[in-house]
Amino acid sequence: MTWQDFIHDMQRCTRCSYCKYIPWRLIRNFRFSEGCPSAARYHWHAYAAGGKFNLAYSLLQGAIDINDSLLEVVYKCLMDGSCDIACKVQQDLEPLQHMQEFRVECVARGYLLPQHQPYLRSLRAEDNMLLRRREERGYWAEGLEVKRVTSDKAEVVFFAGCRYSYDQDLWPVARAAVHLLQRAGVDVGILGADEACCAGRAYELGYEGELMKFAEHQRDTLATVARTAGVHTLVTACSDCYSTFKVLYDKIGKKSDVEVCHITQYLERLIQEGRLRPRKSLDLNITYHDPCHLGRLGEPWIHWQGREYKPVGTQIWLHDPPKRFRRGTHGVYEPPRNVLKSIPGLELVEMYRTREYAWCCGAGGGVIDAYPDFAQWTAAERLEEAHEVGAEAIVSACPWCKRNFLDTAAITKDRIGIFDLVELVERAVGGSE
Amino acid sequence: MKNIAVCMKQVLDPEMPLSLFRIDPETKSALPARGAPPVLSPFDENALEAALRIKDDEKAKVTVITLGRRLVRAVVTASLAAGADELLLLEDASFNEFDPFLTASALAAAIRKRGPYDLVLCGLQAADTNAGLVPIGIACLLGVTCLTGAREVRLKEESVVVARSLAYGYEVLEAPCPAVVTVTYEVGSLREPGVEAFMSASAKPVIVWTAADLELEQAGMAGGRTEILRMEVPVRASRCEILEGESVQAKAEQLVSRLQQAKVI
Amino acid sequence: MALDDLGRIVGEANFTKNPAALQEYCEGKGGCVPRALVRPASTEEVQRIVEWANDTRALLVPVSSGPPHIHGGSTPSVEGAVVVDLRRMDKVIRVDKNNRVVIVQPGVTFGHLQTELARQGLSAYLPLLPRPTKSVLASVLEREPILMPSVHFDSTDPLLCAEIVFGTGDRMRTGEAAGPDTLEEQWEIGKAQISPFGPTQMDPQRLVSGAQGTIGIVTWVSLKCRQRSDEARAFFLPSEDLDALVELSYHLCRIRYTGTILLLDRVNLARMAQRTPREIHGLQCALPNWVLFVAYEGYGLLPEEKLKYLEEDLRESASSYGLEPVTDLAGLPGEALYRLLLGPSSQPYWKLRSHGGFRDVFFITTQDKTPYFAKRMRKLARRFGFPTQQLGMYMQPVVQGTSCHLEFNLYFDPTDLTGVKRLRRLEAAAVDRLEREGAFFARPYPGWAEAAYRGYPDTAAMQRKVKAIFDPNWVLNPGKLCFPPGSGRQD
Amino acid sequence: MALSEEEHKVLEGIVGPQYITRDPIIMESYCQVWGNKLEFGDKWHRPPAAVLLPGNVEEIQAIVKFCNQAGILFKPFARGFEYVATYLASSRGILLELKRLNRILEIDPKNQHAVVEPFVPVYQLQDAAGKLGFYVGKPGVGYSASCVSLACCHQEMTISQLYTSGYGRNVLGCEWVLPTGDILNLGTANRKGGWFTGDGPGFSLRGILRGRAGANGGHGIITKCSVKLYPWYAKAPSECELKREPGQALSAAQLEKVPDNYWVDVLTFPDTERMLQAARDIGQAEIACLVAPAYMNTGFHEEGNDEQWAKLKESPPDLGKFARMMPVIVNGHSSRELEYRRKAVRAAMEKWGGWLEPEWNTEKVKAQIFQYQMWSTGVPGLRATGDFMLSTQGADGSVEMQLAYRPVEFQALQPFAAAGNVLHPNMGMSYRPMEHFSLGCSGGIATDFDPWDPASLAAGKEYLEIVYDPHGPCRRFGYANRGAMMQVEDVNHIHERWGPIYDRADRWLQKVRNMLDPNRVADWSAYIPPEYQERPDEERHACC
C-alpha cells in the first residue's frame, strides 16, 4: 500500500474528530479523555489523524505541496496509534497505516526532517539510533555471566535492543531480565556486541528501506543462531523491538521462524509454571502504563489483500475477501498485569486510559529526538494521570517509556516512582543469582 | 585564510536492500527507493573530514559543492552540520550524475566561478559508479595538479602535502596549490554532527546554481558525452550447501576436495 | 384618511368614539383614555386596521380580555390611542382530541374554553383561578404560569402556534401552522398546528409572548391541552415551615410528579376557597401559615393504579421532609378546591372578595429564594404599615421547577384613600427592593418597567431593534415595556 | 493572502501567536468534512483565511469588533462535525474554533440546570450531571456534539426528546456575543440570582436566537448557555461498567443489563399506524423517557461493514418488521412508579395489538438499546456508504400528518432505492416524539448514499431536489427545518425558494439578520444571506 492507496479513506473521513479522543463510551474522566497527544498539544485539526487525511487529500489534488510546515505536522506525531483505535470504533478506515505511508512518501520524495538525520546516520554507520559506536553495544552485559549465542548453545536469546544496550541508567533492567531468566532455569544467551538495531523506529520515521535492510539482517542472524546455537525463542524487554520483530517484520514479509516473546509474556509463563516465585512483598501502590508498541501496536499483523467493492444493488462498501481490521484488541495487555498481580503486596490501580486506548508516554514516532519538549509534555500528562488515580509509582515494560518518564520527572520535579516491570519482579523474587 | 572546496555527491544509499532497488527502463536510471533516501557518498564524507581537519588547525573556509538533478536538502546539509562553511548546490534537470565529463565540467566551472581556491578535495570515487574519473577531470579542466588516494592531507604555505597509500606503506607527495586531491577512507570517517548542529546548519548559506548559471552551454559542455546503453539490477544467484561430516577434519577434507573440483584452488 | 375610516373596515356598529364606551379600557393603573374603539371580526380586518394605523401614524392598543384590566398591559399608556378590542373574535376554531390541541381566537375565555374541551374529554392548562373575563390567548401570551409544572417544559407553554399580524400589517403564522394553505387545508393532510417551532431560524411566537401587544396582534393561537379525568386526588401539605414545603416542591418537580403543584399561604387559600369576608377570615384563622397543594388526575393508562401509586409516592416523599398529605384542611376538602382550579374564578373574582381591591407584585425567581422573599415582603409591609394578614403569597413552580413564579397579593380597601396611598408606596418600594435582590420581573407591567429593565440595558436595546423591524412605525401599544411614550422611530 | 499582514497582526495580538494560524497547510484541514461532496461536488470547500482559538469572551469580542472594522467574515464553531460548521461564504472569512471554551461552569442541582461553554460535549455534561442525578438528553448526532451548539445554534434533535425536549426549548439564558461585538445576555444570564430563565424582561429574545433550527454561527457567538436538566436515576456513563468479551473490539463495550430504575420493552405492531398510535398513547400518559418508533431499522450495527454484511447474510433481519418495532424506555424514581409505568406500556401495547418479540427483548438487546438511546450511537450511516442525507426532517407535527407524509417521501425515494443508488433498509421512516407527544413528533428518513459513486451522488441530489422543491410533492408538509439544518444557503437557496409560500418568513429572518449584523461580517452561509443575489443559473449549485 502506498499513501495514495488510502484515497478512499481520505474521502470518507467525516471529521468526526473521534481520532482525537479515546472512544467516548470508555471515557472515565474528562480531564483524561484525549487520546491523541499531538492534537491535544498542537490544537489544530491538521495534527489529528483526520487532519492528515485532509492534507493527503489536498496533496493528491495538487492543492498543496510538501513543505516544512507539512513536515512539522506529519512529524509532530507519536505514531502511537491511539487515533487508529478510536477511529475504528466508528469507521472502516486506516489512519495509522495512512500516516505511516505518508511518512514513507515524504522520505521517498526527499523531504526529510533535519533533526532526524544524525540518528539515521548513526543507524547506517553504527547500527543504532542512539548516536553511539557499534563497539560499545555489548558493554551493558559486561561482567554478566551469560552465554553468547554466537559461540554457545542456548534455547532462548535475550535481545537487548539499542536503548538497553546503550542507556547506562537502564542497564540494570536488562541485566535483571537476564538474571530472572537464568534463575528460572531458562537456557538463555545474548548476542551482545553482535546485536543490531531492529529499525522499527526508523520505519516509523518513514525510512522503510532501513526496516527492510535490518529485517533481512535480523532474519539471517536469527536463522544462524537457530542453527548454530539451537535458539528457538527470542525474548526482548523492549516493546519497540517486540513490535518490530513480531509485527513489522511480518508486515513486510520478513518474519523469522524464531518465536518472539516480550519479557512480560515470558515472565508470566515462568510464574505460571512455578519456575519463578515472586515471594517478597512490595508494599507499593502502582499503576501500569501500557507501552503502545506492546499494546495496540503489538497486535499481530493481519495480512489482507483484496479489493473494495459494493454488492450489486446497494451502496455499502465491503471487502473481498472480508477484511479483519487491527483494532488493538490482541495486543499484550494481560501478561504484564498478571505478572504484577502475582507480586505480593503490590496494589495495581488502572489509569483512565488503558490497554488499547492508553495514552502514549511521548517517546514514540521520533518525537523524542525531534521535538523533545513535546515528548516531555506527553509524558507529564501521563504522570499526572498516574497521580490522579492515586499511584505511588508508574510501571512500564519498555525502556523508551521509562527513559522518557525519568527525563520528564527530573524536569518537572515529579517524585513519582518510575519502574520497569522487570525491576519489580526482580525485587519480589529476591536476591540475585 | 585558505579556501577549500570539497566535492560531494548525493548517491543512492549503497546499503539499501537489493529488494528496494528499481530501474526505470525509460530513462535508464535508478529510481529513488521508497523509504530509502539518498546519502552522501561515503568517500566524499572522508574528503570533507580531511578538509575539516585542516580547518581544525588553521583558518580555512570550506565550501561543499554538490551536483545533481534533485538534491535532498536534509541529506546535503549534513555537510554544513558537520562543519562546512557554505554549501553550493549545482542543481539542474539536465545534469546527469552518470556522465563524468559533464559533472567534472560543471564542478570545475563552479569552482572557478566561486573565486580563488587553494585546494579541491574529492572522495576517491563515487559510491554509486565507483568510476573515480571526476576529480581527474576537474584537475584537467582547471589545469592544476591532481593527487589521488591520499590518506592524509596537510596544507603548507603555498603547497599541499599528502600521504598517499601504497600497497605496503605510503609515500609523501607535495604539489603547489591550487591542487585537486582525492582521499581514501583512511583519512577517517566524517565527524558525526549532532541534532543541534543539524538545526543550526539551516542558518548557514546555501547557494543554488543551475546549468545556466555555470554557462555550460556557452562552453560547449552541456549535454554530456556519455551514453548509457543498459542498466540492470545484477542477478545474484547463490547456493549454499552444508557439508556434513563426523569431525571438523572430515568436513575440511570434503571442503578442499570440492574447491578443487570447482577449480577454485 | 381619517379616524372614521375604521368604521368602514369593521362596520360602523363595531367602531365608536363614545367616551362612555371607552371608559372601561382605561381602568386600572392610571391608564389614558383612548380616542376610539374598534372591534374587528377577522384577521383581515385586523390587518387593515394596522395598515390604516401605519398610514395615519395612529396608535393602536390591542385588547382581548374583558374588564377589569388589572396589570395595565392593555391599558393605553398614551393619549389618543385607538383600542383594538378583539373580543368579537371569540371562536374556538378547532379542538383536536387525539393531539390534545385547541385553537382559540382572542375573545375566548377560560370558561368558554373549558366547556368546549370538556366535551372532548380534555382540559386546558390553567393559570390560578383566572378572572372570568380573562382571554385565554392573552393569558398565554402574558406567560401566566400554569399549575402543572411537570408538563411546563418551556416558559411559553401551553402556547404552540400563532397567527400574528405584525405592526406592519403583514400576517405570519408560526410553527407547524406556517406555510401555504388555510387551516382547513392543513387539517386535510393531518396537520394539527401542534409543533411550535419556527418557521426556520427564528421563533416569532416568542417575540409576541410577553410583548404586551407591542410587536404584533395575535389573532389565534393553538394551545396544548390535556386529557381530563373525573378521577382525581388532591392533598394539602400544611406546614408552619416554609422551607420544608419548598424542599418537597423541589423534590416533586425534580421527579416530574404529575399534576397540580402550588404553594400558597393561608391568606390566599382562604380567599380562593371562601366567598364572603367573614368566611374568609374564619378560614384564614383556621389554616396553617403555608400549604403546598398537590393534585392529580387519573388520565392516561391504567388510571386506578396510577392514582394509587402516586398517592403512595407522595406520602413517602412527604414524610421524608417531615410532612404529611391530608385530604381535608380546616374543613376544606382538597378535591373541592381542585375542582375550583379547573375553571376560572367564580364571581366575585377571588382577589376582590375580602377587601374589594388588590395589587399583585410578581416575578420569576428560584424556589429556594421563596422563604427569603416572603420574609422580605413581610418586613416591607410592616415598614409601610400594611397589615400582614392582608398580604397573600403564591409560589408556582414553572418550567419543570427550574424557576418559579412568586406572587405577593396586597388586599386593600379601595375606598380607604390613605390605605391606597400606602399601598402604592409599598408596591413601588417592593418592586424596587426585590428587583435589587434578584427578583426577575419577566413581565414588566406599567409601573414596574423601569425597575425591571434597569439591570438589562442590553435586552432593552435589542428589544427596541426588534420592535423597529416588526413595528417600524411604532404604532402598537406605545409606552409599554422598554418603549416609553414618545420613543419611537429612531430615524 | 485573503488577510493583509496588518489584519493578521491585529488578530494575532488579540489571541496570541499560539492561537492563530493561516498556514495554508493547516487551512486544508478546515475545509473537508462529510457532506461536502453532496453540497459542493467535491470533498473540499474553500479554506478559511485564518483559524483562531480564542480563549475567552473578551478575546471573542475583540475579534468580532475587528472583523467589523476590517470587513472580515467570521464564523464560530465548536466540535466541527458538520459541514455547515466550517463552510465560509467568502475567502475573506475566518473561523473561530471554540475549543478553549471548554468548561462546565456550574451545575445547579436544585434548579435543574447547568451553565456550560461551547466546547463542552453533551456526553461530558451527561456524565457530570449524571453523577448528580441528572440527564441532558441524547442528540442524534452522537457523543461529541456541543451542548451549546445544539441548544442555541444548530437543530438539536434529541432521541430522548419525548422526555428531555429539544430544538432550543431547554435554553435558560445565554451569553451572546453579537455580530457587532456587543454582548447580549438573555434573561437572567450573568445576573445576580442565577441563570434560571432566558425570557424577558418583556418578550423573549430567544425568538431571534433560534427557531426550529439555529443560525449555525450566522448571528454571533454563544459563549455560555444555561440548559435545563432532567431526572436521571442510574449511574453516570463513566461509572457504569461496560463489558466485552476478550478479543472484542472497543465498540463492543456494552452495558450488560438495563440499570435499576429503568426498564426497556421492544414492542412490535401490526403496522405503522398502530405503532404511532401506541407511541402517542404512551407519550400522552407521561410515563416514558424514550419512545423510538422504527428505531430498530438503524439501531444495530456490527464492528465493521464486512461484519455487518456477514451478519445480514447469516440471518437476514425482517426489515419490514423493524419498521414496525418501537423500543420504549421507562424509568421510575420509585419501584412503584417503575412498576406502574411498565404495566402501562404493556397496556398501550395490548390496546393497539402489539406484542413483544422474545428475540428482541433479551437482556442484552435491551441493555444495548438503553445505552445507544440514552447515551449515544455515533453515526453508523457514515461508515456504511460514506455519507448520508436527511430527507426533510421538517415534517414536524401530528401522527396523522406523519402518516400522510410517509407515502409522499417514500414515493420520492422509491426509484432511487429500487435502482440501488441509495441505501435504505426497507424504507423505514423514524419518528422522534416530543414532550409527552404534546408537540407531536418529527419524522424523517436518513438515507445512506455513496458520494463517490456518480450514480449514487446524482440520486442523492435528485432526491433532495424533489423534497426541497417548494412546488413538489412536499410543498404542503413543511419547511420548518429546511432552512438550515445542514443546508448551505448559497448552494441550496432554501429560504429564497420557500419563503414566498411561507408568509415571507425569509424576509423577516433577513431583517433580523441584518439588524443583528449591520456590517455583514457574520458568515451567513447556513443562516440567511443579507440579500439575495441575482446569479446565472449554472452557478446555482456551484461555489468556490
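Residues numbered from 1 in each chain as written. Chains lettered and ligands numbered in written order. Predicted model: local features only at pLDDT ≥ 70, side-chain atom pairs only at ≥ 80, totals over all residues. Heavy atoms only, no water.

## Here we look at the overall build of chain B
Step number 1: Looking only at helices and strands, chain B has eight helices and 13 strands in total.
Step number 2: Each principal axis of the C-alpha atoms in chain B carries an extent, and together these give about 70 × 45 × 40 Å.
Step number 3: The proportion of buried residues among the 265 residues of chain B is 45%.
Step number 4: When the accessible surface of chain B is totalled, it reaches about 13900 Å², and 52% of it is carbon and sulfur.
Step number 5: Averaging the locations of the 28 positively and 35 negatively charged side chains of chain B gives two centres separated by 2 Å. (Helix = DSSP H or I, 4+ residues; strand = E, 2+ residues; numbered from the N terminus. Buried < 20%, exposed > 50% of the residue type's maximum accessible area, 1.4 Å probe, protein only. Areas by Shrake-Rupley, 256 points an atom, 1.4 Å probe, with all protein chains shown as cover. Lys, Arg positive; Asp, Glu negative; His and termini not counted. Charge placed at Lys NZ, Arg CZ, Asp CG, Glu CD.)

## A closer look at the packing of helix 8 (residues 242–254) of chain C against helix 13 (residues 370–383) of chain C
All names here are of chain C.
Step number 1: Taken N-terminus to C-terminus, the directions of helix 8 and helix 13 make an angle of 145°; their axes are 9 Å apart at the nearest point. For the pair helix 8 and helix 13, the contacting residues are Leu242, Asp243 and Val246 in the first and Thr370, Pro371 and Ala374 in the second.
Step number 2: Residue classes in the contact of helix 8 with helix 13 are distributed as four nonpolar, one polar and one charged. (Axes fitted to C-alpha atoms, helices over the stretch in contact; angles between N-to-C directions. Contact = heavy atoms within 4.5 Å. Nonpolar A, V, L, I, M, F, W, Y, C, P; charged D, E, K, R; others polar.)

## What to know about the pairing of strand 9 (residues 145–155) of chain B
Residue and element names in this part refer to chain B.
Step number 1: Of the pairings in the sheet, the one linking strand 9 to strand 12 (residues 179–183) comprises four bridges and is parallel in character. When the bridges of strand 12 are listed, Cys146 appears paired with Val180.
Step number 2: Bridge count for strand 9 against strand 10 (residues 159–166) is five bridges, and the pairing is antiparallel. Bridged to Arg154 within strand 10 is Val161.
Step number 3: Between strand 9 and strand 10, which pair antiparallel one after the other, the connecting turn spans three residues. (Pairing = 2+ DSSP bridges.)

## A look at unusual backbone geometry
Step number 1: Across the junction of Cys177(B) and Pro178(B), the peptide omega takes the value -5°, indicating a cis bond.
Step number 2: By secondary structure assignment, the location of Pro178(B) is in the loop between strand 11 (169–176) and strand 12.
Step number 3: The amide bond that connects Pro67(C) to the next residue, Pro68(C), takes the cis arrangement and shows omega of 0°.
Step number 4: Relative to the helices and strands, Pro68(C) resides in the loop between strand 3 (60–63) and strand 4 (82–85).
Step number 5: Here Leu302(C), not a glycine, exhibits a phi torsion of approximately 45°, which is positive.
Step number 6: By the secondary structure assignment, Leu302(C) is in the loop between strand 14 (290–297) and helix 11 (303–319).
Step number 7: Positioned with a positive phi, Leu481(C) is a non-glycine residue whose angle comes to about 50°.
Step number 8: With respect to the element layout, Leu481(C) can be found in the segment after helix 16 (457–470).

## Thoughts on the interface of chain A and chain D
Step number 1: Residue-level contacts link 59 residues of chain A with 68 residues of chain D.
Step number 2: When the buried surface of chain A facing chain D is broken down by residue, Arg15(A), Arg25(A) and Trp44(A) rank first, second and third, together holding 17% of it.
Step number 3: Run the count over chain A and chain D and you get five salt bridges.
Step number 4: Two residues, Asp450(D) and Lys310(A), come together in a salt bridge whose shortest N-O distance is 2.7 Å.
Step number 5: If you look at where chain A meets chain D, you find 28 residue pairs in polar contact (both at pLDDT 80 or more).
Step number 6: Going through the elements one at a time, helix 1 (7–12), helix 3 (49–60), helix 4 (68–75) and strand 8 (318–320) of chain A are the ones with two or more residues in the side of chain A that touches chain D.
Step number 7: Looking at the side of chain A that touches chain D, the element that brings in the most residues is helix 3 of chain A, giving five residues.
Step number 8: Across the side of chain A that touches chain D, the residue classes break down as 28 nonpolar, 20 polar and 11 charged. (Buried area = accessible area lost by both parts, 1.4 Å probe. Salt bridge = Lys/Arg side-chain N within 4 Å of Asp/Glu carboxyl O. Polar contact = N/O pair within 3.5 Å; in protein donor to acceptor, adjacent residues only side chain to side chain.)

## A short note on the sheet that holds strand 4 (residues 93–97) of chain D
Backbone-to-backbone hydrogen bonds pair the strands of a sheet. The strands run either parallel or antiparallel.
Residue and element names in this part refer to chain D.
Step number 1: Taken in spatial order, the four strands make up an open sheet running 1-2-4-3, and their pairing is mixed. Among the strands making up the open sheet, the edge pair consists of strand 1 (20–21) and strand 3 (73–77).
Step number 2: Sheet topology places strand 3 next to strand 4; five bridges connect them, and they run parallel. Note that in strand 4 the partner of Lys75 across the bridge is Leu95.
Step number 3: On top of the sheet, helix 4 (residues 57–70) reaches strand 2 (50–52), strand 3 and strand 4; it is set at about 175° to strand 4, its chief contact.

## Let's talk about the sheet that holds strand 10 (residues 221–228) of chain D
Residues and elements named next belong to chain D.
Step number 1: Pairing is antiparallel in the open sheet, where five strands are placed in the order 5-6-10-8-9. Each of the sheet's edge strands pairs with one partner strand only, and the pair in question is strand 5 (104–108) and strand 9 (183–185). Strand after strand, the sheet turns through a mean of 10° between neighbouring axes, direction not considered.
Step number 2: Pairing geometry for strand 6 (residues 113–116) and strand 10, over four bridges, is antiparallel. Counterpart to Val115 in the pairing with strand 10 is Ser226.
Step number 3: Taken strand by strand, helix 4 contacts strand 8 (171–177), strand 9 and strand 10, and its axis lies near 50° from that of strand 8.
Step number 4: Across the sheet, helix 6 (residues 122–130) is in contact with strand 5, strand 6 and strand 10; its angle to strand 5 comes to roughly 40°.

## Side note on a nonpolar patch on the surface
Residues and elements named next belong to chain B.
Step number 1: Residues Leu255, Val256, Leu259, Val264 and Ile265 make up a contiguous nonpolar surface patch of about 430 Å² in total accessible area.
Step number 2: Tracing the backbone through its elements, the reader meets Leu259 in helix 8 (residues 248–261).
Step number 3: On the accessibility criterion, Leu259 (31% relative accessible area) is partly exposed. (Patch = residues over 30% accessible without salt bridge, like charges linked within 9 Å, V, L, I, M, F, W, Y side chains within 5 Å.)

## Looking at the domain arrangement of chain D
Residues and elements named next belong to chain D.
Step number 1: Segmentation of chain D into domains returns domain 1 (5–97), domain 2 (104–231) and domain 3 (255–374).
Step number 2: One C-alpha centre belongs to domain 1, the other to domain 2; they are set 23 Å apart.
Step number 3: The interface of domain 1 with domain 2 comprises 15 residues on the first partner and 22 residues on the second.
Step number 4: In total, about 1500 Å² of surface goes out of reach between domain 1 and domain 2, with carbon and sulfur atoms giving 67% of it.
Step number 5: By the criterion of area lost to domain 2, the three top residues of domain 1 are Val57, Ala78 and Arg79, representing 35% of everything that side buries. (Domains from an automatic or database assignment.)

## What to know about the packing of aromatic side chains
Step number 1: A complete count under the given rule lists 54 aromatic pairs over all chains for this structure.
Step number 2: Judged by centre distance (4.8 Å) and plane angle (70°), the ring pair of Phe197(C) and Tyr167(D) falls under edge-to-face. Of this pair, Phe197(C) sits in the loop between helix 6 (183–188) and helix 7 (204–208) while Tyr167(D) sits in the loop between helix 8 (161–164) and strand 8, which puts the two residues in different chains. Tyr167(D) carries the same exposure label as Phe197(C), and that label is buried.
Step number 3: One aromatic cluster in this structure is built from Phe362(C), Phe363(C), Tyr372(C), Phe373(C), Phe408(C), Phe441(C), Tyr445(C) and Trp448(C).
Step number 4: Lying over the aromatic face of Trp400(A), Arg163(A) brings its terminal NZ or CZ to 4.5 Å of the ring centre. (Phe/Tyr/Trp six-rings, centres within 6.5 Å; stacked < 30°, edge-to-face > 60°. Lys NZ or Arg CZ within 6 Å of the ring centre and 35° of its normal.)

## Quick notes on the side chain of Asp471(C)
Residues and elements named next belong to chain C.
Step number 1: Tracing the sequence through the fold places Asp471 in the segment after helix 16.
Step number 2: In this structure the side chain of Asp471 is engaged in a polar contact, spanning 2.8 Å, whose partner is the backbone nitrogen of Leu476.
Step number 3: In this structure, Asp471 is in contact with Gly167, Thr214 and Leu476, ignoring residues within four places of it in sequence.

## Quick notes on the pairing of strand 10 of chain D
Residue and element names in this part refer to chain D.
Step number 1: Of all eight residues in strand 10, eight are buried, a share of seventy percent or more.
Step number 2: As paired strands, strand 8 and strand 10 are joined by five bridges and run antiparallel to one another. If you follow Val177 over to strand 10, its bridge partner there is Ile221.

## Some remarks on the confidence of the model for chain D
Any residue range with low pLDDT should be treated as having predicted coordinates unsuitable for detailed reading.
Step number 1: With 94% of its residues at a pLDDT of 70 or more, chain D has an overall mean of 91.
Step number 2: Between residues 538–544 of chain D, whose pLDDT stays under 50, and residues either more than four places distant or in other chains, the model counts 11 contacts. (pLDDT = per-residue confidence, 0-100.)

## Structural notes on the pattern of salt bridges
Step number 1: In total, this model carries 125 salt bridges over all chains according to the counting rule given.
Step number 2: Glu241(B) serves as the salt-bridge partner of Arg258(B), at 2.8 Å between the closest nitrogen and oxygen. Here Glu241(B) lies in the loop between helix 7 (211–214) and helix 8 and Arg258(B) lies in helix 8, a separation of 17 residues in the sequence.
Step number 3: You can call Glu241(B) partly exposed: its relative accessible area is 43%.
Step number 4: With a closest N to O distance of 2.9 Å, Glu142(C) and Lys134(C) form a salt bridge. We note that Glu142(C), like Lys134(C), is buried.
Step number 5: A cluster of three or more residues bridged by salt bridges with shared partners is formed by Asp154(C), Asp157(C), Asp203(C), Arg206(C), Lys224(C), Arg169(D), Asp199(D), Arg206(D) and Glu435(D).

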